[in-house]
Amino acid sequence: MIQVTINGEPKQLQKNTTISEMLTQLDYQNEWLGVAINTTFISKTAHDQTIIKEGDHIDILSPIQGG
Amino acid sequence: MKTLSWKIGGETLHSRLFIGSALYPSPAIMEQAIIASKAEVVTVSLRRQGTEQGAGEHFWEIIRSLGLKVLPNTAGCHTAKEAIAIAKMAREVFGTHWIKLEVIGDQYNLQPDPYETVEATKVLVKEGFEVFPYTTDDLVVAKKLVDAGCQILMPWGAPIGSGKGLINPYNLQAIRQAFPNIPLIIDAGIGKPSHAIAAMELGYDGILLNSAVALAQEPVMMAEAFAGAVEAGRLGYEAGAMQEREFASPSTPTVGVPFWHQNP
C-alpha cells in the first residue's frame, strides 16, 4: 500500500494504481472531472498510464459556481 | 434598444455584460438572473469534489442547459503554478481555451498578484489559452500583461465584492487611452447600474460582475437593470457626449420669448 492525499484527505492506495483505477475505486462517476497531481494537470488521455506514487497530492476537481 | 455586436477572444457577442454564477439565493434565481441579464458569457469555477452527486453537478447542468459561453476562472489560486494547473483542468472540463486568470496576492482586499499573473500569462498564452487577466487599474501592470501576450485586459473597478464602483476613474481612463485596440472589461467592484454606465462611458468594452446582481434584494430585477445599463452606457459612449460647459446655456430658443422683461 502507498500513502497519498486526495483532495486534502489522507488515503491509502494499492501500489501501481493508475489515475483511472483510483477514480473507479473511489466511485467517481462524474464525467466532468479534472485531475492534478502535485499541482500538475494530468489530462484524461493520460489517466490510464499515470501511476500514482507514494506521497502524491491528488486534486480531483469539478464545476462549481464562480464569479 | 439598438444592440451592437462586438468581438472578443475570437467570438462575436451582442451583450457586453459578463455575469458570474456564484452567491445567488438559489439555483433557480441564478438561472432566472442569468437569463434576465442577457449575458452571453457566464463565469464558472472548479473545486474539489467528493464522489457523491452534489450541488455542483446540479449547478453545472443548469449552466449547460442555458447554452452560454463559459469563462472558467482560477479563483483561489495564489501562485502561477496553481493557476496554470487550474487553467489546464478547466480547458479539459469546460472545453474552452478561455480562462479568467485570477492569482490573488492579498487575502484582505483580494488584490491580484501582478508578478504571478504575468508569469502565468506567459505560460498560458504559449499553451494556446485566451487569457482574460484579472488585474488592478495599474497601467504598468497592464502593459506587462499585454507584453506577455494578453489580448484582453480586465482591470478592477474596486476590490472583488466591494460594490464600490470605479475607485480610480483616472487610471481606468489611462488604460483605455494606452490600449485603444485591446478589449477592456471592468472585472470586480461594480455595485450599481450607474457604476456600469460610468465604466461604459469611459469607453470600456464590457462589464463582468457577480455580487452586484446575486446580492441585490431582487437579483432577477437587478440583472435586467444591468442589461439596460451596460447597453445604455455603450450607446452613450458611441454617440459621443456633448462638451461639458462652465456656464448655463438655454436649450429652448430665446427668440420670440413671450412676456419678455415681465419676469421679476
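Residues numbered from 1 in each chain as written. Chains lettered and ligands numbered in written order. Predicted model: local features only at pLDDT ≥ 70, side-chain atom pairs only at ≥ 80, totals over all residues. Heavy atoms only, no water.

Chemist: Please give an account of the sheet that holds strand β7 (residues 130-135) of chain B that cites residues and values.
Modeler: Residues and elements named next belong to chain B. If you walk across this open sheet you meet the three strands as β6-β7-β8, and the pairing is parallel. Looking along the sheet, the strands with just one partner apiece sit at the ends: β6 (98-101) and β8 (154-155). Examined bridge by bridge, β6 and β7 share four bridges and lie parallel to one another. Considered in β7, the bridge of Trp98 is made with Glu130. (Pairing = 2+ DSSP bridges. Helix = DSSP H or I, 4+ residues; strand = E, 2+ residues; numbered from the N terminus.)

Chemist: Could you give an account of the interface of chain B and chain A, with specific residues and numbers?
Modeler: Taken residue by residue, the interface counts 30 residues in chain B and 27 residues in chain A. When chain B packs against chain A, close to 2,400 Å² is buried across both sides, 62% of that on carbon and sulfur atoms. For the chain B face of the interface with chain A, the top three residues by lost area are Arg48, Met89 and Glu92 of chain B, together amounting to 27%. For the salt bridge of Asp59 of chain A with Arg48 of chain B, the shortest nitrogen-to-oxygen distance reads 2.5 Å. Counting residues per element, the ones that place at least two in the side of chain B that touches chain A are β4 (41-48), α2 (55-66) and α3 (80-94) of chain B. In this sheet, β4 of chain B lies alongside strand β5 (residues 57-65) of chain A in antiparallel orientation, the contact comprising five bridges. Bridge pairing links Ile64 of chain A to Ser45 of chain B in β4 of chain B. (Contact = heavy atoms within 4.5 Å. Buried area = accessible area lost by both parts, 1.4 Å probe. Salt bridge = Lys/Arg side-chain N within 4 Å of Asp/Glu carboxyl O.)

Chemist: Can you break down the side chain of Asp59 of chain A residue by residue, with the values?
Modeler: Within the secondary structure, Asp59 of chain A is located in strand β5. A distance of 2.5 Å separates polar atoms of two side chains, one belonging to Asp59 of chain A and the other to Arg48 of chain B. Dropping the residues within four chain positions of it, Asp59 of chain A is found in contact with Asn7, Gly34, Val35 and Ala36 of chain A together with Arg48 and Met89 of chain B. (Polar contact = N/O pair within 3.5 Å; in protein donor to acceptor, adjacent residues only side chain to side chain.)

Chemist: I'd like to hear about unusual backbone geometry, residue by residue, with values.
Modeler: Residues and elements named next belong to chain A. Located in the positive-phi region is Asn7, a residue other than glycine, with phi close to 50°. Mapped onto the secondary structure, Asn7 falls in the loop between β1 (2-6) and β2 (9-13). Take Asn7: its relative accessible area is 14%, and that puts it in the buried class. Even without glycine at this site, Asn16 takes up a positive phi of about 65°. (Buried < 20%, exposed > 50% of the residue type's maximum accessible area, 1.4 Å probe, protein only.)

Distances and angles like these do not, on their own, reveal function.
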